[in-house]
Amino acid sequence: MANQELRQGINNITLVGVVKEHNLKLNKDKDGNYINGSIVVKTGEFSEIEMGVFVGEKTKDKSKTKKVFEVFQKFIDGEYLTLASCKNDEDRESVAKVRVYGSKDFTPHFKEDIFKVKDTGEVKTKIKIDLGFGNISVDNSINEKDYKAEFEVEMYVTSVKEETKKDEETGRVVVSGWTPVYGGKVIPMEVIAGTIVDDDGEEVNFAEDVLNQIEEGMTIDVWGEINYQSIITKTSKGGGLGKAKVEEHKEYINDLIIVGADIQEDEEKEFEMELIKKAKIERDTTIENTKNEEKKEDKKGTGVKGSSASGDKPKRERPKF
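Not measured: the values here are computed from a predicted model. (Residues numbered from 1 in each chain as written. Predicted model: local features only at pLDDT ≥ 70, side-chain atom pairs only at ≥ 80, totals over all residues. Heavy atoms only, no water.)

**Quick notes on the overall build of the protein**
Heads up, the condition is: Helical segments are the DSSP runs of H or I of at least four residues, strand segments are the runs of E of at least two, and each set is numbered from the N terminus. Our radius of gyration looks at C-alpha atoms and nothing else; its globule reference is 2.2 Å times the residue count to the power 0.38. In this scheme, a residue with accessible area under 20% of its type's maximum is buried, one over 50% is exposed, and one in between is partly exposed, where area comes from a 1.4 Å probe on protein chains only. Per-residue and other accessible areas were derived by the Shrake-Rupley procedure at a 1.4 Å probe size, with only the shown protein chains allowed to occlude residues. Counted as positive: Lys and Arg. Counted as negative: Asp and Glu, with His and the chain ends omitted from the count. To locate a charge, the coordinates of NZ of Lys, CZ of Arg, CG of Asp or CD of Glu are taken.
Tallying secondary structure elements over the protein gives four helices and 14 strands in all. In summary, the protein has a C-alpha radius of gyration of 22 Å against a globular reference of 20 Å for 321 residues, a match within 12%. Expressed along its principal axes, the backbone C-alpha trace of the protein runs to roughly 65 × 60 × 45 Å. The buried share of the protein, reckoned over its 321 residues, is 39%. Carbon and sulfur atoms provide 44% of the accessible area of the protein, an area that totals close to 19,400 Å². Distance between charge centroids for the protein: 7 Å, based on 52 positive and 66 negative side chains.

**Looking at a negative patch on the surface**
Quick note on the threshold: Exposure above 30% relative accessible area and no salt bridge define the residues that can form patches, which grow by joining like charges within 9 Å and nonpolar side chains of Val, Leu, Ile, Met, Phe, Trp and Tyr within 5 Å. A pair is scored as a salt bridge if a Lys or Arg side-chain nitrogen falls within 4 Å of a carboxyl oxygen belonging to Asp or Glu.
Residues Asp199, Asp200, Glu202 and Glu203 make up a contiguous surface patch of negative charge. With respect to the helices and strands, the residue Asp199 is situated in the loop between β11 (195-197) and β12 (203-205). In this structure Asp199 comes out as exposed when scored by relative accessible area, which is 72%.

**Regarding the pairing of strand β5 (residues 109-116)**
Threshold: By definition, two strands form a pair when at least two bridges between them are found by DSSP.
Two strands pair when backbone bridges link them, and β5 and strand β6 (residues 123-130) are joined in this way by eight bridges, in the antiparallel orientation. Across the sheet, the residue bridging to Phe115 is Lys124, located in β6. Connecting β5 to the antiparallel partner β6 that follows it, the hairpin turn spans six residues, and Gly121 within it adopts a positive phi of roughly 80 degrees.

**Notes on the confidence of the model for the protein**
What counts, and what does not: As a per-residue measure, pLDDT tells how confident the predictor is, with possible values from 0 to 100. Two residues qualify as a contact provided that any one of their heavy atoms is within 4.5 Å of a heavy atom in the partner residue.
Per-chain confidence: the protein averages 89 in pLDDT, with 90% of residues scoring 70 or above. Segment residues 296-311 is flagged for pLDDT under 50; beyond a separation of four residues in sequence, or across chains, it makes 41 contacts in the model.

**Some details on unusual backbone geometry**
Within the chain, Lys62 stands out as a residue other than glycine whose phi angle is a positive 65 degrees. Relative to the helices and strands, Lys62 resides in the loop between β3 (48-56) and α1 (67-77). For Lys62, a relative accessible area of 51% gives the class exposed. Phi at Asp167 takes a positive value of approximately 65 degrees, unusual for a residue other than glycine. In this structure Asp167 comes out as exposed when scored by relative accessible area, which is 81%.

**Focus: the side chain of Glu57**
Note the threshold: N or O atoms closer than or at 3.5 Å make up a polar contact, with two conditions inside protein: a donor-capable atom paired with an acceptor-capable one, and, for residues adjacent in sequence, both atoms drawn from side chains.
Mapped onto the elements of the fold, Glu57 is located in the loop between β3 and α1. Despite its burial, Glu57 pairs with no opposite charge, the nearest such side chain being Lys58 at 4.4 Å. Within the structure, the side chain of Glu57 is placed 2.9 Å from the side chain of Asn33, a separation counted as a polar contact. Residues in contact with Glu57, not counting those within four places in the same chain, are Asn33, Tyr34, Lys64, Thr65, Lys66 and Phe69.

**Some words on the packing of aromatic side chains**
Stated precisely, the cut-off is as follows: Think of it this way: a Phe, Tyr or Trp ring, Trp meaning its six-membered ring, pairs with another when their centres are within 6.5 Å, and the plane angle makes it stacked under 30 degrees, edge-to-face over 60, tilted otherwise.
With the rule as written, the count across this model stands at four aromatic pairs. Note on Tyr34 and Phe54: the rings are 4.9 Å apart at their centroids and 35 degrees apart in plane angle, and the pair reads as tilted. Taken together, the residues Tyr34 in strand β2 (residues 32-42) and Phe54 in strand β3 connect sequence positions 20 residues apart.

**A word on the nonpolar core**
Worth spelling out the cut-off: Buried Ala, Val, Leu, Ile, Met, Phe, Trp, Tyr and Cys residues form a nonpolar core when they are joined through side-chain atoms within 4.5 Å.
Core analysis: the largest hydrophobic core is formed by 50 residues, its most contacted members being Leu15, Phe72, Phe75, Phe110, Phe151, Val222 and Ile226. Those residues in contact with Phe110 that lie beyond four places of it in its chain are Asn11, Ile13, Ile127, Lys128, Ile129, Phe151, Val153, Ile187, Met189, Ile226, Tyr228 and Leu256. Counting residues in hydrophobic clusters, the runner-up holds nine residues, among them Leu6, Trp178, Leu275 and Ile276.

**So, the pairing of strand β8 (residues 148-165)**
Here six bridges tie strand β1 (residues 11-29) to β8, and the two strands are oriented antiparallel to one another. Across the sheet, the residue bridging to Asn12 is Glu152, located in β8. Bridging between β8 and strand β13 (residues 219-237) involves seven bridges; their strand directions are antiparallel. By the bridge assignment for β13, Glu152 is matched with Trp223. Of the strand pairs in this sheet, β8 and strand β9 (residues 168-181) are connected by eight bridges, and their pairing is antiparallel.

**A few points about the layout of surface pockets**
Basically, it comes down to this: Buriedness for pockets is judged along seven lines, at least five of which must meet protein on both sides within 12 Å for an open set on the 1 Å grid over protein atoms alone, while cavities are sets there where a 1.4 Å probe fits but cannot get out, and lining residues have an atom within 4 Å of a point. Grid points are joined across faces, edges and corners, and a volume is the space filled by probe spheres set on the points. Residues were grouped as follows: Ala, Val, Leu, Ile, Met, Phe, Trp, Tyr, Cys and Pro as nonpolar; Asp, Glu, Lys and Arg as charged; and all remaining residues, including Gly, as polar.
Space inside the second largest pocket adds up to approximately 620 Å³. Around the second largest pocket sit 23 residues that line it, and Lys126, Ile127, Tyr228, Ile253 and Asn254 are the ones nearest its centre. For the lining of the second largest pocket, the secondary-structure elements that each account for two or more residues are β1, β3, β6, β10 (185-193), β13 and β14 (245-263). No other element matches the five residues that β14 contributes to the lining of the second largest pocket. For the lining of the second largest pocket, the residue count by class is twelve nonpolar, three polar and eight charged.

Here it is in C-alpha cells:
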C-alpha cells in the first residue's frame, strides 16, 4: 500500500432504551459552558450501557445552542426523569426513553481510557463507550421491544481462536485485533462469534464460518450486539429456624457478539500492518508514560444482518502482525 497515514476505521454504536441514571454536570471554561459525565441506558432486562459525555453548549459559529446540550441540560434540571430519580409508580411511566445515534464520522463510538489507579499506582486500560459528536433524542413512544445496543467496527485481525472456559471449549470463536481511531491511534478490540439465526429463521454456526474464513492480517468489518450485562440472582438457604438466608450472586458479562462480517479484499482499503504496529508502539509509550506519572491528572470527560461468509479461507497471503 502506498498510504502513509492510518485511516480511521468504522466505529459506530447505536443505543435505544430507557435511561437508568445519569452523572452529568454543567461546567464552564474559557470556551463557555459544557456538560460532561456519563449516562446509563438500559437496553434490556439486564443490559445496561454506560456512555461517556462531553458536549459544549454552542455550535461552531457560537450562534445557537446545540440540541444535544439542551437534552442533557433537561436531565440535569430534572425535566427528564430517570429510573433512579423516580419517587413513585407514576414517575416510572414518565421515565425518558432515548435513541443514541450518529452518522458518518459523527457517531457514538468505542474509545480507550488509559489511567493510573490512585491508590495502587497500577496503570489500567478500559474500552468504554463515548457519545463523541453523536446525537441523543428523547422519544417516549419507543416500545420495549425496540430496545437495542448495536455496533459496527473495522478491525485489523491479530488472532482468531476458539473460546475456552474452565479448560472447555464453548463453541464460540474470539477474534482479536486493533481498530484505528481518530489521530492515527489504535484501540484493542475483541469480538465473539457464536450461533446466529439467519433471515429464514434457521440456526447457523457463524463461529465455524469465522474460524474457517478469517485469519491474522485481514481487515474485517463486523457488526452485532453489545452484550454488557449485570445479572443478579438471589437464592435462599436454610430457614429451618427463623428466616432463610438470602444469598446474592452477581455475574458481569462484557461481550461484543458479532452476527455478520465482511472481509476487505481491496488491498488499497486494507489497514497496513506497519502502520498498525507503529500506532501500537505509540500506545505502549503512552501506557509507560502514564506509569511514570507522579500523580493522576484530572480529566474533563469519561468519556441486524446475517452472515456474509461461507467456504474456505481466501488463499491470498497477508502480512502477519
